[in-house]
Amino acid sequence: MLSHEQTLSLTSGWQRNTYAWLSQRAWIEIDLAALSYNVQQIVKLLSSRTQLMAVVKADAYGHGAVTVAQTVLHSGASWLGVATVPEGIELREAGIKAPILILGATHTLEQIHAIVQWKLQPTLISPKQALLFSDTLKAIDYHSHLHVHVKFDTGMSRLGPSWREAAEFVQLVQGLPNLRIASIYSHLATAENSDQTVMRQQQQRFETAIAQISAMKIEPPLLHLANSAATLTDDALHYDMVRVGLAVYGLYPDVHLCSRIDLKPVLQVKARVTQVKSIAKGSGVSYGHQFVAERELHLAVVGIGYADGVPRHLSQKIQVLIRGQRIPQIGAITMDQMMLDVSTIPDLQEGEVVTLIGQDEGEKISAEDWANQLNTISWEILCGFKHRLPRVALM
Ligand SMILES: *Cc1c(COP(=O)(O)O)cnc(C)c1O
C-alpha cells in the first residue's frame, strides 16, 4: 500500500515485527540513496589517510542497523561502531565482515567469549579490564591476537583513564600477551558548540598523550578523536579515522555546521488517517480535553502515538504534512493514535498518508524541529522510535 514506485525492501525492524507491518498504520521509511549520498559527502571531506567509521549503535540511531551497515560499507565507510556486544553480534549474524568496534564498556566473561567468537573489537578502559581480557584469552588458549582499542579521557569524564595516565595504560596493554592495540582514541564533549575552547583543550591533551606514547617507542596505531561535529569542523581533528553517527543519517549536529557539507535526512515517519469526521463546536478532544473545538471542525484520527515514539510532550505543539499542507495536531497524543484538525482538507480520505517527519511536496518537518520543541537533541528523537514501527527501506 505504499504509494511509491521505488523498490521496497524491509529492514531489520521488519524481521523483528512482521505482523506490525500488516496493520500498515504507521511506519518509518529509510532512504538508502540519501544514506549512501551522505557517506560519500563525508568521505569527500577526508584525506586518503583517514578512514570512516559509521556509528550504527542503537539500531543505527533507529534506522535499522543491518540495512544501514550494508549500505554504508558499500558507500565508503570501512569500520562500524556499536555500543554493545549484542549490537555487534546482530551485524555479524547478518554476514557483515567489516571490523566492528564496541564503543561501550565490556567486563564479563560472557562478553569476552562472545567478542572472541564473533570477531568483535573491544574498547579497553582500565588496567583491571585489560588484565581480565588477557587472562581470559590465556585460559581459553587463544592462539592469535585480539584487536583492542585503548580509550582515554581528555575531558568528557566518561570512559577511560585520564589522559595523564594514557601512556602508562597503553604501555601496560602493549605488554599483555594475546592483545594487539588496533587504535587509540578519545571522545569530545563539546564539538558541536561554536565556542571551540573546550574542544581545543581536549585536542591538546590528546596530542600530549600521543606524544608520550610515541616517545615510549610504541608504534602509533590508528588514532581517532572526531564525532560528526568535529569531522565537520576541522580536518586537523580527523587523524586516521573519524567516528560519524548523526551526519551519516543526514542531520547536522548544529546549525553553524550546515555550510560545510550537504546532507540529506535518511528517515521519514509516516502514518495513515484511520478515521475522518466532524465534531461539533464545544467538543473536547482526547484525554483531558486539552483541546476544545471553538467551532465545528473536521477532525482526522491518525494511527500513531507515543508508544511508537512520538513523545507525548509534543501534544498540540506539532504539525504534520498531508497533501503538502501543514496540519495542526490537536488534543493529547495517545498511546497509539493522535488527532488532527483537517478543516483545510474537507475531502480528506481515510487511508491517506500523513508525514510526521519528512518531506511532502515543498514542506518539510525534521527530527530537529521536534527536538527544538522538546528542548532536547535530534539524536534522542531518532533513537526514540520503537520497533513496532516497521522500517521500510527505499532504494
Ligand atoms: C555515539 C558516538 C559517536 C558518534 O557521535 P555523533 O555525534 O552521532 O557523530 C562517536 N564516538 C563515540 C565514542 C560515540 O559514543
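Basis of the calculations
- Residues numbered from 1 in each chain as written.
- Predicted model: local features only at pLDDT ≥ 70, side-chain atom pairs only at ≥ 80, totals over all residues.
- Heavy atoms only, no water.
- Domains from an automatic or database assignment.
- Contact = heavy atoms within 4.5 Å.
- Buried area = accessible area lost by both parts, 1.4 Å probe.
- Polar contact = N/O pair within 3.5 Å; in protein donor to acceptor, adjacent residues only side chain to side chain.
- Helix = DSSP H or I, 4+ residues; strand = E, 2+ residues; numbered from the N terminus.
- Nonpolar A, V, L, I, M, F, W, Y, C, P; charged D, E, K, R; others polar.
- Buried < 20%, exposed > 50% of the residue type's maximum accessible area, 1.4 Å probe, protein only.
- Pairing = 2+ DSSP bridges.
- Core = buried A, V, L, I, M, F, W, Y, C linked by side-chain atoms within 4.5 Å.
- Salt bridge = Lys/Arg side-chain N within 4 Å of Asp/Glu carboxyl O.
- Near = heavy atom within 4 Å.
- Areas by Shrake-Rupley, 256 points an atom, 1.4 Å probe, with all protein chains shown as cover.
- Arc of directions from axis to C-beta.

A few words now on the domain arrangement of the protein. Partitioning the protein into domains gives domain 1 (19-26 + 265-394) and domain 2 (46-254). The interface is formed by 12 residues belonging to domain 1 together with 13 residues belonging to domain 2. It is Val266, Trp379 and Leu382 that lose the most area in domain 1 upon contact with domain 2, and together they represent 44% of the buried surface on that side. Counting across the domain 1 and domain 2 interface gives three residue pairs in polar contact (both at pLDDT 80 or more). Put simply, the parts of the chain that give the side of domain 1 that touches domain 2 at least two residues each are helix 12 (367-374), helix 13 (378-383) and strand 20 (391-394). At four residues, the largest contribution of residues to the side of domain 1 that touches domain 2 is made by helix 13. For the side of domain 1 that touches domain 2, the class distribution of residues is eight nonpolar, two polar and two charged.

The subject of this paragraph is the pairing of strand 14 (residues 297-302). Buried residues dominate strand 14, accounting for six of its six residues. Burial along strand 14 is two-sided: the residues Leu297, Leu299 and Val301 and His298, Ala300 and Val302 are all buried. Here strand 11 (residues 267-279) runs beside strand 14; their pairing, made up of six bridges, is antiparallel. Residue pairing in the sheet places Lys277 in a bridge with Leu299 of strand 14.

The subject of this paragraph is the nonpolar core. The biggest cluster of nonpolar side chains holds 121 residues, and the ones touching the most others in it are Leu91, Ile304, Leu356 and Trp370. Top contributing element to this core by residue count: helix 3 (residues 32-45), with six residues. Each of two domains, domain 1 (19-26 + 265-394) and domain 2 (46-254), supplies a minimum of three residues to this core. Once residues within four sequence positions are removed from consideration, Trp370 is found in contact with Gly309, Val310, Pro311, Leu314, Ile318, Leu356, Ile357, Ile365, Ile381 and Phe385. Val285, Phe291, Leu297 and Val301 belong to the second largest nonpolar core, which has nine residues in total.

So, about the pattern of salt bridges. On inspection of all chains with the given rule, the structure shows 11 salt bridges. A salt bridge links Arg25 to Asp308; its shortest N-O distance comes to 2.7 Å. Pair noted here: Arg25 is in the loop between helix 2 (18-23) and strand 2 (26-31) and Asp308 is in the loop between strand 14 and strand 15 (319-322), with a separation of 283 residues, a long-range link. Across the pair Arg323 and Asp347 runs a salt bridge whose closest N-O atoms are separated by 2.9 Å. Within this pair, whereas Arg323 is found in the loop between strand 15 and strand 16 (325-330), its partner Asp347 is found in the loop between strand 17 (338-341) and strand 18 (353-360), the two being separated by 24 residues in sequence. Its relative accessible area of 33% is what places Arg323 among the partly exposed residues.

A separate point is the site of the ligand. With respect to spatial proximity, 14 residues lie near the ligand, and among them Lys57, Tyr61, Ser228, Arg243 and Gly245 are the closest. Between the ligand and Ser228 there is a distance of 2.5 Å, counted from an oxygen atom to a side-chain nitrogen or oxygen. In the model, an oxygen atom of the ligand is placed 2.9 Å from a nitrogen or oxygen of the Gly245 main chain. In isolation the ligand exposes 390 Å². Once the protein is present, 92% of that is buried. The set of elements that each furnish at least two residues to the shell around the ligand consists of helix 4 (57-61) and strand 10 (241-244). A per-class count over the shell around the ligand returns six nonpolar, four polar and four charged.

This part is about the pairing of strand 2. For strand 2, a buried count of five out of six residues is recorded, marking the element as mostly surrounded by other parts of the structure. Where strand 2 and strand 11 come together, five bridges link them in antiparallel fashion. Within strand 11, the residue paired with Glu29 across the bridge is Gln268. Note that strand 2 and strand 20 share four bridges and pair parallel. When the sheet's bridge partners are listed, Asp31 is paired in strand 20 with Leu394.

Residue placement: Ile318 occurs in the loop between strand 14 and strand 15. Classification of Ile318 by relative accessible area gives buried; the value is 6%. Residues Ile318 and Asp369, spaced 51 residues apart in sequence, show a C-alpha to C-alpha distance of 8.7 Å. The contacts of Ile318, once residues within four sequence positions are left out, are Val310, Ile327, Pro328, Gln329, Ile333 and Trp370.

Quick look at helix 12 now. Within helix 12 the residues assigned to the buried category are Ala367, Trp370 and Ala371. One side of helix 12 carries all its buried residues, which in axial view fall inside an arc of 100°. Where the residues of helix 12 are buried, they touch strand 18, strand 19 (363-365) and helix 13. Residue Asn375 follows helix 12 closely and has a positive phi angle near 60°.

Here we come to unusual backbone geometry. Of note, Asp59 is a non-glycine position whose phi angle comes to about 55°, a positive value. Within the secondary structure, Asp59 sits in helix 4. The phi torsion at Arg323 lies on the positive side, around 50°, for a residue other than glycine.

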